[in-house]
Number of protein chains: 2
Amino acid sequence: MAAHAAPVHVAVSTVIFALRPSPVDGRMTVWLPLVRRIRDPFVGMWALPGGPLEPDEDLAESAARTLAETTLLTPQYLEQLYAFGNTDRSPGERVVSIVYWALVRSDEADIAVESENVRWFEADSVPELAFDHSLIVEYALWRLRNKLEYSHIASAFLGDTFTLSELREVHEAVLQKPLDPANFRRQIEGSGQVVPTEQLRTGGRHRPARLYRYAATVETNGPLGRTEGAS
Amino acid sequence: MAAHAAPVHVAVSTVIFALRPSPVDGRMTVWLPLVRRIRDPFVGMWALPGGPLEPDEDLAESAARTLAETTLLTPQYLEQLYAFGNTDRSPGERVVSIVYWALVRSDEADIAVESENVRWFEADSVPELAFDHSLIVEYALWRLRNKLEYSHIASAFLGDTFTLSELREVHEAVLQKPLDPANFRRQIEGSGQVVPTEQLRTGGRHRPARLYRYAATVETNGPLGRTEGAS
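None of these values were measured; they are calculated from a predicted model. Here the residue numbering is sequential within each chain, running from 1 through the sequence in written order. Chains and ligands are labelled sequentially in the order written, the chains with letters from A and the ligands with numbers from 1. Predicted model: local features are reported for residues with pLDDT of at least 70 only, side-chain atom pairs are reported and counted for 80 or more only, and whole-chain, interface and lining totals are derived from all residues. Derived side-chain values reflect all non-hydrogen atoms in the structure, with water molecules and hydrogen atoms excluded from consideration.

### Some thoughts on the overall build of chain A
Consideration 1: A run of H or I in DSSP counts as a helix once it spans at least four residues, and a run of E counts as a strand once it spans at least two, with each numbered from the N terminus. Secondary structure assignment for chain A yields six helices and nine strands.
Consideration 2: The quantity called the radius of gyration is restricted to C-alpha atoms. Its globule counterpart is 2.2 Å times the number of residues to the power 0.38. For 231 residues, the compact-globule estimate of 2.2 N^0.38 gives 17 Å, and the C-alpha radius of gyration of chain A, at 19 Å, lies within 12% of that figure.
Consideration 3: The dimensions of chain A, computed from C-alpha atoms along their principal axes, are 65 × 45 × 25 Å.
Consideration 4: For each residue, the accessible area found with a 1.4 Å probe, counting protein chains only, is set against the maximum for its type, and the residue is called buried under 20%, exposed over 50%, and partly exposed in between. The proportion of buried residues among the 231 residues of chain A is 49%.
Consideration 5: Residue contacts follow a heavy-atom distance rule, with two residues in contact if any of their heavy atoms lie within 4.5 Å. For chain A, the proportion of contacts with a sequence separation of at least 24, taken over those separated by at least 6, is 61%.
Consideration 6: Using a 1.4 Å probe, the Shrake-Rupley method yields the accessible areas, and only the shown protein chains count as cover for residues. Split by element, the accessible area of chain A, about 11,000 Å² in all, is 49% carbon and sulfur.
Consideration 7: Positive and negative side-chain charges in chain A, numbering 23 and 31 respectively, have mean positions lying 7 Å apart. Just so you know, the count uses Lys and Arg for positive and Asp and Glu for negative, and it drops His and the chain ends. Throughout, a charge is located at the NZ atom of Lys, the CZ atom of Arg, the CG atom of Asp or the CD atom of Glu.

### Focus on the side chain of Lys 147 of chain A
Residues and elements named next belong to chain A.
Consideration 1: Position of Lys 147 among the secondary structure elements: in helix H3 (residues 133-147).
Consideration 2: Looking at Lys 147, the relative accessible area reads 14%, which means it is buried.
Consideration 3: For this analysis, a polar contact is any N or O atom pair within 3.5 Å, provided that within protein one partner can donate a hydrogen and the other can accept it, and provided that sequence-adjacent residues contribute only side-chain to side-chain pairs. Side chain to side chain, Lys 147 and Glu 79 meet in a polar contact 2.9 Å long.

### Notes on the nonpolar core
Consideration 1: For our purposes a nonpolar core is just a set of buried Ala, Val, Leu, Ile, Met, Phe, Trp, Tyr and Cys residues, chained together by side-chain atoms within 4.5 Å. Membership of the largest hydrophobic core comes to 42 residues, with the highest contact counts inside it found for Ile 98 of chain A together with Ile 98 of chain B.
Consideration 2: Elements with a minimum of two residues in this core: strand E1 (8-21), helix H1 (59-71) and strand E6 (94-104) of chain A together with strand E1 (8-21), helix H1 (59-71) and strand E6 (94-104) of chain B.
Consideration 3: Discounting chain neighbours no more than four positions away, the residues touching Ile 98 of chain A are Val 10, Ala 11, Val 12, Ser 13, Leu 59, Gln 80, Tyr 82 and Ala 83 of chain A together with Ala 83, Val 96 and Ile 98 of chain B.

### Quick word on the pattern of salt bridges
All names here are of chain A.
Consideration 1: By definition here, a salt bridge exists when the distance from a side-chain nitrogen of Lys or Arg to a carboxyl oxygen of Asp or Glu is within 4 Å. Inspection of every chain in the model, using the stated rule, returns 20 salt bridges over all chains.
Consideration 2: Its salt-bridge partner being Glu 57, residue Arg 65 comes within 2.7 Å of it at the nearest N-O pair.
Consideration 3: For Asp 132, the salt bridge identified is with Arg 89, shortest N-O distance 2.7 Å. Of this pair, Asp 132 sits in the loop between strand E7 (118-122) and H3 while Arg 89 sits in the loop between strand E5 (79-84) and E6, placing them 43 residues apart in sequence.
Consideration 4: On the accessibility criterion, Arg 89 (4% relative accessible area) is buried.
Consideration 5: It is possible to trace a salt-bridge network through shared partners that takes in Glu 57, Arg 65 and Glu 69.

### Topic: the domain arrangement of chain A
Residue and element names in this part refer to chain A.
Consideration 1: Domain limits in this description derive from either an automatic procedure or a database domain assignment. Once the domains are mapped, chain A shows domain 1 (8-147) and domain 2 (159-214).
Consideration 2: Between the C-alpha centres of domain 1 and domain 2 there is a distance of 29 Å.
Consideration 3: Listed per partner, the contact involves nine residues of domain 1 and seven residues of domain 2.
Consideration 4: Accessible area that two parts lose when put together, with a 1.4 Å probe and added across both, is what the buried area reports. Between domain 1 and domain 2 the total buried area reaches about 650 Å² when both faces are included, carbon and sulfur atoms providing 66% of it.
Consideration 5: Of all residues in domain 1, Leu 19, Met 28 and Arg 145 bury the most surface against domain 2, accounting for 51% of the area lost on that side.
Consideration 6: Where domain 1 touches domain 2, the interface holds zero salt bridges.
Consideration 7: Where domain 1 packs against domain 2, one counts one residue pair in polar contact (both at pLDDT 80 or more).
Consideration 8: Elements with a minimum of two residues in the side of domain 1 that touches domain 2: strand E2 (28-36) and H3.
Consideration 9: Considered class by class, the residues forming the side of domain 1 that touches domain 2 number four nonpolar, one polar and four charged. Basically, the charged four are Asp, Glu, Lys and Arg, the nonpolar ten are Ala, Val, Leu, Ile, Met, Phe, Trp, Tyr, Cys and Pro, and anything else, Gly included, counts as polar.

What follows is the structure, encoded as structure tokens:
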């Protein structure tokens, strides 16, 4: 492995997705927190939370630390998304960025402070970002939408139990299109992915609704476990 | 991003899987090429093909170069698997390894030269490897077995068209268990994943067999395309 001193820097960044209401029509959409750059390159532009990997911290630790430092967010579980390492992605220096991502519930997202230099944006309409971070957000959104089809993504946004209406709203928010409630119910129930619990969601202006949970536990990362590659 | 000179090195390694007959009973199993280390740390031990990332090459380029240099293998498409960056994975230095992987057809694998320091091993019974490469191989195998369920993995091993027997053999080799031919045929045909072509496989000692292909094109990497994150 690398015994010579190659001038390649390693950074770690995070993409944190939460569902929040659109200011336009109140419908749920996908949002993420961004941090304004206070130094060159790209000073003044928005970027993903992150920073250089410290020599004594694991990759996921670095992601969690830089995320908490900038946004106060501490997601239960950060998953590795992808390593971006094109030679031209940072002017004047070679930086490989390991990107982590997490989906957080809206109530978790609400603790994140906004300030002049930290702000939540709708993922589909972020401004032009520093480095290749626009591409990273686009890729993360693509993965999120793909993942919806074969994984238990809703529980990350909703918690362990949820009504079928809440689940449909997650799918609508991620896919950005309305879904017919009766079709959605039939399709989800037919898939065997979710099972009804004994509990009902009560309160609010609607009649009590059955709570569901996913049929199996959320997938882990196999031999790597839920935390960064324990060896 | 990293403006300071952190003593973190970046290496790129590859896991190349091919199906080859087991020397014990001739059944197909999953194999991968390993390279013997000729310097410390871990001198004499087997490791994944790879090496330090050069400052002027993209991640996938580095993976392809080091793979070709050691094994002569040039897979059509290398996919990023995972970045391994635990602090203790390389004695005396901090190395983050970006690992790529590919599945290659047996005839592609056959061009790889074996030598004293390059050899193919059955993936389920590799010796203890240098660094955390044993964990990496275990993780790659886990991903391979998971991926079998929802992707067009067989075409990477078989080419664009294949008989249902060939497809079943891939599943048997990857999952390491025999599958009932009639059940497998019913399940695969019922899934709509593969569609029959007008062609037959003829020759050999079996009667002609219908060739199939996957119903849709192989999934890409979304906004990143089939090659490394073009920005």
